[in-house]
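Coordinate inspection notes
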Amino acid sequence: MTFHIITIFPEAFESYFKVGILSRAIEEGKIKLELYNLRDFTKDKHKKVDDAPYGGGPGMVMSVQPIFDCVNFVKEELNKKGVLNEEIKTILFSAKGEKYNQQAAEKLSGFKHLIFICGRYEGVDERVAENIVDQELSIGEYVLSGGELPAMIVVDSVSRLLPGVLGNEESLESESHNGGNENIDYPVYTRPEDFNNWTVPRVLLDGNHAEINKWRNKKQQGR
Ligand code: SAH
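Residues numbered from 1 in each chain as written. Predicted model: local features only at pLDDT ≥ 70, side-chain atom pairs only at ≥ 80, totals over all residues. Heavy atoms only, no water.

1. As for the packing of aromatic side chains
Considering all chains together, one arrives at seven aromatic pairs under this definition. Clustering of aromatic rings is evident, with ring pairs tying together Phe3, Phe93 and Phe116. (Phe/Tyr/Trp six-rings, centres within 6.5 Å; stacked < 30°, edge-to-face > 60°.)

2. Observations concerning a nonpolar patch on the surface
Nonpolar side chains collect at one region of the surface, where Tyr142, Leu144 and Leu149 lie side by side and expose about 290 Å² of accessible area between them. Topologically, Leu144 is positioned in the loop between strand S7 (135–138) and helix H5 (148–159). (Patch = residues over 30% accessible without salt bridge, like charges linked within 9 Å, V, L, I, M, F, W, Y side chains within 5 Å. Areas by Shrake-Rupley, 256 points an atom, 1.4 Å probe, with all protein chains shown as cover. Salt bridge = Lys/Arg side-chain N within 4 Å of Asp/Glu carboxyl O. Helix = DSSP H or I, 4+ residues; strand = E, 2+ residues; numbered from the N terminus.)

3. Some remarks on the domain arrangement of the protein
Assigned domains within the protein: domain 1 (2–159) and domain 2 (183–222). One C-alpha centre belongs to domain 1, the other to domain 2, and the line joining them spans 41 Å. (Domains from an automatic or database assignment.)

4. Some remarks on the pattern of salt bridges
Under the defined criterion, the tally for this structure stands at 14 salt bridges. Note that Asp51 is salt-bridged to Lys48, the shortest N-O span being 3.9 Å. Taking relative accessible area as the criterion, Asp51 reaches 44% and is therefore assigned partly exposed. For Lys48, a relative accessible area of 33% puts it in the partly exposed group. Close ionic contact of Lys96 with Glu136 constitutes a salt bridge, the shortest N to O distance being 2.7 Å. Placement of the pair is Lys96 in strand S5 (residues 88–99) and Glu136 in strand S7, with a sequence separation of 40 residues. What emerges from the salt-bridge pattern is a single network uniting Lys96, Glu126 and Glu136. (Buried < 20%, exposed > 50% of the residue type's maximum accessible area, 1.4 Å probe, protein only.)

5. Here we look at the sheet that holds strand S1 (residues 2–7)
Taken in spatial order, the five strands make up an open sheet running S2-S1-S6-S5-S7, and their pairing is parallel. One side of each edge strand has no neighbouring strand; the edge strands of this open sheet are strand S2 (32–37) and S7. Averaged over all neighbouring strand pairs, the angle between strand axes comes to 30 degrees, with direction disregarded. Examined bridge by bridge, S5 and strand S6 (residues 113–117) share five bridges and lie parallel to one another. (Pairing = 2+ DSSP bridges. Axes fitted to C-alpha atoms, helices over the stretch in contact; angles between N-to-C directions.)

6. Regarding the site of the ligand
Near the ligand there are 20 residues, and of these Phe93, Gly119, Glu122, Tyr142 and Leu144 occur at the shortest range. Ile139 places a polar main-chain atom, nitrogen or oxygen, 3.1 Å from a nitrogen atom of the ligand. When the ligand is considered free in solution it has 560 Å² of accessible area, and contact with the protein chains removes 83% of it. A majority-of-atoms criterion places the ligand in the largest pocket. Every element with two or more residues in the shell around the ligand is listed here: S5 and S7. With three residues, the single largest contributor to the shell around the ligand is S5. Taken together, the residues of the shell around the ligand sort by class into 10 nonpolar, eight polar and two charged. (Near = heavy atom within 4 Å. Polar contact = N/O pair within 3.5 Å; in protein donor to acceptor, adjacent residues only side chain to side chain. 1 Å grid on protein atoms, 1.4 Å probe; cavity = no way out; pocket = protein on both sides within 12 Å on 5 of 7 lines; lining within 4 Å. Sits in = over half its atoms within 2 Å of the grid points. Nonpolar A, V, L, I, M, F, W, Y, C, P; charged D, E, K, R; others polar.)

7. Describing the pairing of S1
The buried fraction of S1 is high, at six of six residues. Note that S1 and S2 share six bridges and pair parallel. Residue pairing for S2: Thr2 is matched across the bridge by Lys32. Crossover S1 to S2 through helix H1 (residues 20–27) is right-handed. Bridge analysis of S1 against S6 gives five bridges, and the strand direction is parallel. Bridge pairing links His4 to Ile115 in S6. (Right-handed = clockwise from strand over helix to strand, strands pointing away.)

In structure tokens form, the structure reads like this:
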């Protein structure tokens, strides 16, 4: 799976993808991250990628031209390598988009290439949503300053679903939201057994695996 991320702040992605499971997945070639600096695609002589909104109002709006050219560039490069358009999905992050959740992550994990457009400022010229992307995604009912955090969230949650990204295949099975929103992971504990008089449930210490499974199943349903 390759994530193609279009942003005016490619450097914002550096630290997060250098650590943990994602950094390992990148090293092992299980996922690939391609960052595109939107400014490289503007035809404006001052390298501007935004402009004032028609009709007035506060802030600036991201222009359609650099985004159009950048998405086309990515798609053309992929087509040259034999990638079919059906294997590519283009997504715009926007607060008004479809709500992102684990089921959406599962759907996205079926594509070979995901192209993400990260908005900034007051938002993105609506013609991008109308004509360029396949889907608009919101990661929650709040407004962020840009689409970079949403892109990281989607890269992270989709990557976990890809074969071999998590060290231990079993960790996926029991994970929260796997196979529906009602499914919640069971609570976990580690040493010490007693901390500040806060103790670990007895059943987990007794080594009776049937009982442990029963307890865990009950916890998963009861939450
Ligand atoms: N004026 C817009 C918010 C713009 S925030 C509004 O009220 O809807 C700037 C950019 O941040 C957006 O273009 C989008 O790319 C990103 N963004 C902000 N909140 C988001 C959210 N909840 N989900 C996904 N992207 C978001």
